[in-house]
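Residues per chain are reported as follows:
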Amino acid sequence: MAKFIKNWYDLVGLESENYKLEINTNLGYGWIEPKEETEETKSNYWTHHKYLSTHTFYGKFCEGYTKLLQKFGFDVELNNWDKER
């Protein structure tokens, strides 16, 4: 069962098998990065490094970022801050 992520603080310290998250809670953004840099991750940088924008928890972005994190092995579901109550 996916871990429900309410905010940036819930992402701090999360890791998947091969990736980690670098989160800036002050400014509200982050990066998916490889745990270990290799020639593959360096030569195909944008395949292995993904930016999590300040819009990560909003609207349709939220669904897209949830899928992106899952693609990188994170068993999470992001809270949509714009959802109807």
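Given the structure is predicted, the values throughout are model-derived calculations rather than measurements.

Now for the pairing of strand E2 (residues 19-24). Because side chains alternate across E2, one face comprises the buried residues Tyr-19, Leu-21 and Ile-23, and the other comprises Lys-20, Glu-22 and Asn-24, none of which is buried. Across six bridges, the pairing between E2 and strand E3 (residues 29-34) is antiparallel. Pairing of Lys-20 across the sheet is with Glu-33, part of E3. The turn linking E2 back onto E3 is made up of four residues, and Gly-28 within it adopts a positive phi angle of 70°.

The three strands lie next to each other as E2-E3-E4, forming an open sheet whose pairing is antiparallel. Only two strands of the sheet have a single partner each, and these edge strands are E2 and strand E4 (50-52). Sheet twist, expressed as the mean angle between neighbouring strand axes with direction ignored, is 25°. Sitting on the sheet, helix H4 (residues 59-71) is in contact with E2, E3 and E4, with an inclination near 140° to E4.

Before going further, it helps to spend a moment on the side chain of Ser-53. As for its position among the elements, Ser-53 is in the loop between E4 and H4. Look at Ser-53 and you get buried, because its relative accessible area is 11%. Of the polar contacts made by the side chain of Ser-53, one reaches the side chain of Tyr-65; its length is 3.3 Å. Sequence-distant contacts of Ser-53, that is, excluding residues within four places in its chain, are made with Trp-8, Gly-28, Tyr-29 and Tyr-65.

Rules behind the numbers
- Residues numbered from 1 in each chain as written.
- Predicted model: local features only at pLDDT ≥ 70, side-chain atom pairs only at ≥ 80, totals over all residues.
- Heavy atoms only, no water.
- Buried < 20%, exposed > 50% of the residue type's maximum accessible area, 1.4 Å probe, protein only.
- Helix = DSSP H or I, 4+ residues; strand = E, 2+ residues; numbered from the N terminus.
- Pairing = 2+ DSSP bridges.
- Axes fitted to C-alpha atoms, helices over the stretch in contact; angles between N-to-C directions.
- Contact = heavy atoms within 4.5 Å.
- Polar contact = N/O pair within 3.5 Å; in protein donor to acceptor, adjacent residues only side chain to side chain.

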